[in-house]
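# Fold and geometry: a report
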Amino acid sequence: MVLYEYGQWISNKNVQSLSNETLDVQNPTDHSLLGKVPKGCQEDASAALEVAKKAQPAWAAKPAVQRAELLKEMATIIRQNRLELIDILIKEQAKVKGLATVEIDVSADYYDMYAGMARLGYEGEILQSDNAGEHIYVHRAPIGVSAGICPWNFPFFVMARKVAPAL
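An account of the accompanying structure is given in this report. (Residues numbered from 1 in each chain as written. Predicted model: local features only at pLDDT ≥ 70, side-chain atom pairs only at ≥ 80, totals over all residues. Heavy atoms only, no water.)

Okay, the packing of helix α2 (residues 64-80) against helix α4 (residues 97-117) next. Viewed as axis vectors pointing N to C, α2 and α4 meet at an angle of 165°, and their least axial separation amounts to 8 Å. Viewed along their axes, α2 and α4 adopt a mutual orientation that is roughly antiparallel. For the pair α2 and α4, the crossing hand works out as left-handed. When α2 is examined against α4, the residues Ala68, Leu71, Lys72, Met74, Ala75, Ile78 and Arg79 are found in contact with a partner set consisting of Ile104, Ala108, Asp109, Tyr111, Asp112, Tyr114 and Ala115. Along the lines of polarity and charge, the residues of the contact of α2 with α4 split into 10 nonpolar, no polar and four charged. (Axes fitted to C-alpha atoms, helices over the stretch in contact; angles between N-to-C directions. Helix = DSSP H or I, 4+ residues; strand = E, 2+ residues; numbered from the N terminus. Parallel < 35°, antiparallel > 145°, perpendicular 65-115°, else oblique. Left-handed = near helix turned anticlockwise from the far one by under 90°. Contact = heavy atoms within 4.5 Å. Nonpolar A, V, L, I, M, F, W, Y, C, P; charged D, E, K, R; others polar.)

Their axes nearest at 9 Å, the elements helix α3 (residues 82-93) and α4 cross at an angle of 130°. By the angle between their directions, the pair α3 and α4 is classed as oblique. Note on packing geometry: the crossing formed by α3 with α4 is right-handed. Between α3 and α4, the contacting residues are Arg82, Leu85, Ile86, Leu89 and Ile90 on the first element and Lys97, Ala100, Thr101, Glu103, Ile104 and Asp105 on the second.

Below, the discussion takes up unusual backbone geometry. It is generally the case that most residues other than glycine have a negative phi and that most peptide bonds are trans. Residue Asn12 is not a glycine yet carries a positive backbone phi of 60°. Following the sequence through the fold, Asn12 ends up in the loop between β2 (8-10) and β3 (13-15). By relative accessible area, which is 63% here, Asn12 ends up exposed. (Buried < 20%, exposed > 50% of the residue type's maximum accessible area, 1.4 Å probe, protein only.)

Within the structure shown, the criterion is met by nine salt bridges. The closest approach of N and O atoms between Lys72 and Glu69, which form a salt bridge, is 3.0 Å. With Lys72 and Glu69 both in helix α2, this residue pair falls three residues apart, about one helical turn. Under the relative-accessibility criterion, Lys72 is labelled partly exposed at 33%. Across the pair Asp109 and Arg79 runs a salt bridge, and its minimum N-O distance is 2.8 Å. On the criterion of sequence distance, the pair formed by Asp109 in helix α4 and Arg79 in helix α2 is long-range, its members being 30 residues apart. On the accessibility criterion, Arg79 (37% relative accessible area) is partly exposed. (Salt bridge = Lys/Arg side-chain N within 4 Å of Asp/Glu carboxyl O.)

Bringing α4 into the picture now. Taking 1.5 Å per residue, 21 residues should reach 30 Å; α4 reaches 30 Å between its end C-alpha atoms and fits that length. For α4, every residue scored as buried is listed here: Ala100, Thr101, Glu103, Ile104, Ser107, Ala108, Tyr110, Tyr111 and Ala115. Where α4 is buried, its residues touch α2, α3 and α5 (155-166). (Expected span 1.5 Å × (residues − 1).)

Bringing a nonpolar patch on the surface into the picture now. Together, Val96, Leu99 and Phe154 make up an exposed nonpolar region whose accessible area comes to about 250 Å². Assignment of secondary structure puts Val96 in the loop between α3 and α4. (Patch = residues over 30% accessible without salt bridge, like charges linked within 9 Å, V, L, I, M, F, W, Y side chains within 5 Å. Areas by Shrake-Rupley, 256 points an atom, 1.4 Å probe, with all protein chains shown as cover.)

Okay, here's the thing in structure tokens:
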């Protein structure tokens, strides 16, 4: 069996935790060791947030259609790695294949769905007001960095539901 060693993706680099600690990832059905992940700490989270804050103005300056291209690319990458991702979920979560398959497939669909919203005038619209001769102008724009915590039971799916709309 292949033992995976994962890092944390911070500043476009795969890095270990500043805590220098790791956690074992075990298969819950037989307790075999699948891999190791960094035990992230507050300093890791702060470093990731600082990098994200620096990158945010350039990201916000891109039109929604351009930002959507990244979401489409994410959906494509998920689909290209579909079988491996399903296998990982089965082993790490003790999920039945059908449930793991749905989680991966629907996650890719979420990225596509939010990418498609960029074409629907998502950056703004004009609404009719309740007052005669008045209109409401709505302009949507990225406003900052967010952080999300994902539960253990649907990690891929919940991550997609947080990341796709945020981007």
